[in-house]
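Observations on chain architecture
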Amino acid sequence: MIRIVMKDIEKYYGANYVLKKLNLEIFEGERVGILGPNGAGKSTAFKIISGSENYETGDLFITRGANIGVLDQIPVYPEDYSVKQCLYTPLESIMNQKRELDEMTEKLKVDASERLLEKYGEMLSRFELAEGYAIDDKVNDVAKAFNFDETFLEKPFMLLSGGEKTKVNLACLFLSDINVLLLDEPTNHLDLSTINWVEDHIKQFDGTVIVISHDRYFLNQAVTRIIEINDGQAQSFKGNYDAYSDQKKLQMEQQLAQYTIEQKKIKQLEEAAKRMHEWAKQADSAKMHRRAFSIEKRIERIDPLEKPKVEKKLASGFDAIKSKSNEMARVEGLKKAFTDHVILKGFDGLVRKNDRIALLGNNGSGKTTLLKMLLEMEPLDSGFIKLSPSSEIGYLPQEIVFEDGEMTVLEWIKESLEKDEASARSLLAQYRFKQDTVFKKLSGLSGGEKTRLMLCKLMNGPVNFLFLDEPTNHLDIESREWVEEAVAEYQGTMVFVSHDRHFIMKFSSKYWTLANGEVYEYEGDFESYKGIVEDYYKMPDKSEPVKNDVVIKSDLQSTNKSKLNTVMIEKLENEIEQIEERLLEIEDFLYSGDLKAEEIERMIDEKESLNRSHEKLYERWTKYSIVI
């Protein structure tokens, strides 16, 4: 059943078209990701669907009974409302029913007439049907999932930061009685544990979900269809982000092949017409001239395909220099606190040559603070940090601020890298600063442009110890992939903070997880790390789960250590045993000789899939045996 239809929707601001006859259909129960470059019209389409934005022409159809909830709209609450009061707001109708029941209970103490008892029974049935007795549990479950402790729940909503308000708004949406969920960049400002919770709830949400996101890992986990809006028009792709990416690549290859064939055909016709004219002149033949003119007319009637735009890949990588030391940084007894908020209680750590360390942890755990301490940009309370004398540091901060915003891109890179204008312009062109864009003022650059410019400087200077703080934050997917392409060229040591799980998965081999003033180290791939974290929190009857944070360490000391070891290893062994039994069944079928060709193909596909699953489960079993 179709839930939302946009037909020939046009929207423009002044003389600028944002949407040009936009057509799209969203079906009930779908989970759809909306993609497109910045300024393509994604958020405008969202606002039109939610009713907060008008459109010039076209038709919008939303089926009756659609109750739409939007993330990007921060509700206005009374000034004295606490976070807890905000969370109960979506349940106001049930709360009213509860108040009416309480009032009726008081009336029955005075008058227990049959009429009032019957009315009370009807009210109680409606209340129970609305799961009224479970509202406190619902609020507590959502608050726990978002790591809202009692102190935070009592905070006035008005005093929260933008990111905190977004988290509260998202929590309210999950408590609301809605069946269409519009999410605009839902993973911004959220830590990894909260993002995982949001993903799970989107999968379980019994309604339609439409999400704008630049988080590729989130899109892979949460959506089943991608709609790309580009130049004000929409194109649909089945599957998650990876499927979309594969389809786009294939589409580009096909378009390029068609363009190449057409250009070859045009060239052949042009050469044929040219030869025909030459022969006509030699033979003084009007007939041959007419044939040549006929070929030229044929060329004119061809509506040439537009050449697909293929961005040039980064032409140069980091000028990484080798370190003479195998230890890039040693940390001993590191302590740091802000008033009563302890960041580090006494951290000992080692960064080895060519390590790729991801600093992870919930918001406010101190990731950026630790990064700046390693960079000697933040004072220590006690302890010491020793950097290798041969280290050449490169730093990409989360918020890039230039001292002189009036300088142009060209002036800044000439000064930073001591280059003449010709070589500076040639270099900037490799980073997509071409023609007049080199004269842009630094103060007018977008987040993506600032990142590209800073990488231009870093990648063309000697670097063997790279520090990155949220390098893909606020960037669209194209810019994120460009940053990854740049970082992939780097061969040295790297320490970085990121909530972008696609980036983490691609570049990290070691994890420092900050939790309650401790740093817990884990070495391995991201999926294994993520699996251990999830299994730890799913484990039953944990006596004292760590508040608001993750606990992982190779020598983890915990009252749950033996229990976790027993429960998880047994669970994994059962799953491995089931797969091995199925693999034996498949082998028997394949050697029976009774299968048709399509059945053999299906069995082989299943066998390959099971072998991959078996390998991953065994890796996790091995890591539990070693790590836990």
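Below you will find a few notes about this structure.

Calculation rules
- Residues numbered from 1 in each chain as written.
- Predicted model: local features only at pLDDT ≥ 70, side-chain atom pairs only at ≥ 80, totals over all residues.
- Heavy atoms only, no water.
- Salt bridge = Lys/Arg side-chain N within 4 Å of Asp/Glu carboxyl O.
- Helix = DSSP H or I, 4+ residues; strand = E, 2+ residues; numbered from the N terminus.
- Buried < 20%, exposed > 50% of the residue type's maximum accessible area, 1.4 Å probe, protein only.
- Patch = residues over 30% accessible without salt bridge, like charges linked within 9 Å, V, L, I, M, F, W, Y side chains within 5 Å.
- Areas by Shrake-Rupley, 256 points an atom, 1.4 Å probe, with all protein chains shown as cover.
- Lys, Arg positive; Asp, Glu negative; His and termini not counted.
- Charge placed at Lys NZ, Arg CZ, Asp CG, Glu CD.
- Core = buried A, V, L, I, M, F, W, Y, C linked by side-chain atoms within 4.5 Å.
- Contact = heavy atoms within 4.5 Å.
- Pairing = 2+ DSSP bridges.
- Axes fitted to C-alpha atoms, helices over the stretch in contact; angles between N-to-C directions.
- Phe/Tyr/Trp six-rings, centres within 6.5 Å; stacked < 30°, edge-to-face > 60°.
- Polar contact = N/O pair within 3.5 Å; in protein donor to acceptor, adjacent residues only side chain to side chain.
- Parallel < 35°, antiparallel > 145°, perpendicular 65-115°, else oblique.
- Left-handed = near helix turned anticlockwise from the far one by under 90°.
- Nonpolar A, V, L, I, M, F, W, Y, C, P; charged D, E, K, R; others polar.
- Disulfide = S-S within 2.5 Å.

A few points about the pattern of salt bridges
Summed over the entire model, instances satisfying the criterion amount to 23 salt bridges. The shortest N-O distance in the salt bridge between Glu478 and Arg432 comes to 3.7 Å. A residue pair is termed long-range when its members are at least 10 positions apart, and Glu478 in helix H16 (residues 477-488) and Arg432 in the loop between helix H14 (421-430) and helix H15 (447-459) qualify at 46 residues. Look at Glu478 and you get partly exposed, because its relative accessible area is 41%. Looking at Arg432, the relative accessible area reads 24%, which means it is partly exposed. Residue Glu484 pairs with Lys506 through a salt bridge whose shortest N-O separation is 3.6 Å. In this pair, Glu484 is assigned in helix H16 and Lys506 in helix H17 (residues 501-507), connecting sequence segments 22 residues apart. Several salt bridges converge on common partners, so that one network encompasses Arg216, Arg480, Glu484, Asp500 and Lys506.

Examining a negative patch on the surface
Residues Glu570, Glu573, Glu577, Glu580 and Glu581 make up a contiguous surface patch of negative charge. Using a relative accessible area of 45% as the deciding quantity, one classes Glu581 as partly exposed.

Brief notes about the nonpolar core
Counting residues in hydrophobic clusters, the biggest one holds 54 residues, and the most contacted among them are Leu87, Phe146, Phe148, Val168, Leu170, Leu183 and Val198. Apart from residues lying up to four places away in sequence, Leu183 is in contact with Phe46, Leu71, Leu170, Leu173, Ile202, Val209, Ile210, Val211 and Ile212.

What to know about unusual backbone geometry
Non-glycine residue Glu185 carries a positive phi angle of around 50 degrees. For Asn354, which is not a glycine, the phi torsion comes out positive at approximately 70 degrees. Here Asn354 is to be found in the loop between strand S12 (341-352) and strand S13 (356-360). Overall, the relative accessible area of 44% leaves Asn354 in the partly exposed class.

With respect to a positive patch on the surface
A cluster of basic side chains, namely Lys107, Arg115, Lys119 and Arg126, defines a positive patch on the protein surface. With three residues, helix H4 (residues 114-129) is the largest single contributor of residues to the positive patch. Checked against the element boundaries, Lys107 lands in helix H3 (residues 92-110).

Thoughts on the sheet that holds strand S5 (residues 68-70)
The strand order across the open sheet built from six strands is S5-S6-S7-S3-S8-S9, with neighbouring strands paired in mixed fashion. This sheet does not close on itself; its edge strands, each paired only once, are S5 and strand S9 (233-238). Ignoring strand direction, the axes of neighbouring strands in this sheet form an average angle of 20 degrees. Inspection of the sheet shows S5 paired to strand S6 (residues 180-184) by three bridges, in the parallel sense. Counterpart to Gly69 in the pairing with S6 is Leu181.

Remarks on the packing of aromatic side chains
Throughout the structure, instances matching the rule amount to 20 aromatic pairs. Both rings, one in Phe237 and one in Tyr244, keep their centres 5.1 Å apart while their planes meet at 85 degrees; by these two values the pair is edge-to-face. On the basis of relative accessibility, which here comes to 3%, the residue Phe237 falls in the buried class. A residue is classified by how much of its surface remains accessible, and Tyr244, at 10% relative accessible area, is buried. Pairwise contacts between aromatic rings join Tyr217, Tyr511, Tyr522, Phe526 and Tyr529 into one cluster.

What to know about the sheet that holds strand S1 (residues 2-13)
Spatially, three strands are ordered S2-S1-S4 in an open sheet, and the strand pairing comes out antiparallel. The outermost strands of the open sheet, each flanked by one partner alone, are strand S2 (16-27) and strand S4 (57-62). Across the sheet, the mean angle separating the axes of adjacent strands is 15 degrees when strand polarity is ignored. Pairing between S1 and S4: five bridges, direction antiparallel. When the sheet's bridge partners are listed, Ile4 is paired in S4 with Ile62.

Comments concerning the side chain of Ser213
Relative to the elements of secondary structure, Ser213 occurs in the loop between strand S7 (208-212) and helix H9 (216-222). Separated by 3.0 Å, the side chain of Ser213 and the backbone nitrogen of Asp215 make a polar contact. Apart from the residues lying within four places of it in its own chain, the contact partners of Ser213 are Ile34, Leu35, Glu185, Pro186, Thr187, Phe218, Leu219 and Ile477.

Some remarks on the packing of helix H10 (residues 241-283) against helix H11 (residues 286-301)
Following both chains from N to C, one finds H10 and H11 inclined at 160 degrees, their axes separated by 8 Å at the closest point. As far as their axial angle goes, H11 and H10 are roughly antiparallel. Regarding H10 and H11, the two cross each other, and that crossing is left-handed. Taken together, the residues of H11 that come into contact with H10 (itself represented by Lys265, Ile266, Leu269, Glu270, Ala272, Ala273, Met276, His277, Trp279, Ala280 and Lys281) are Met288, His289, Arg291, Ala292, Phe293, Ile295, Glu296, Arg298 and Ile299. Considered class by class, the residues forming the contact of H10 with H11 number twelve nonpolar, two polar and six charged.

Details of the pairing of strand S3 (residues 31-35)
Side-chain direction in a regular strand flips from residue to residue, so the side chains alternate between the two faces of the sheet. The element S3 is largely enclosed, with a buried count of five among its five residues. Alternating positions in S3 separate into two faces, Arg31, Gly33 and Leu35 on one and Val32 and Ile34 on the other, with burial throughout. For S3 and S7, the ladder comprises four bridges, and the chain directions are parallel. From the neighbouring strand, Gly33 faces S7, where its bridge partner is Val211. In this structure, S3 lies alongside strand S8 (residues 225-230), joined through four bridges in parallel fashion. Looking at S8, one finds that Leu35 is bridged to Glu228.

Quick notes on the packing of H15 against H16
At a closest axis distance of 11 Å, the pairing of H15 and H16 adopts a crossing angle of 10 degrees. Between H15 and H16, the angle is such that the two are roughly parallel. Contacts between H15 and H16 pair Thr451, Arg452, Leu455 and Met459 from the former with Trp482, Val483 and Ala486 from the latter. In terms of residue class, the contact of H15 with H16 is built from five nonpolar, one polar and one charged.

Focus: the state of the cysteines
Applying the stated criterion to the full structure yields zero disulfides. Free of any disulfide, Cys86 has its nearest cysteine sulfur in Cys172, 6.0 Å distant.

Re the side chain of Arg3
When you line up the elements, Arg3 lands in strand S1. A polar atom in the side chain of Arg3 sits 2.9 Å from the side chain of Thr63. Every residue in contact with Arg3, bar those within four places of it in the chain, is listed here: Ile26, Phe27, Glu28, Phe61, Ile62, Thr63, Arg64, Gly65, Ala66, Asn179, Val180 and Thr208.

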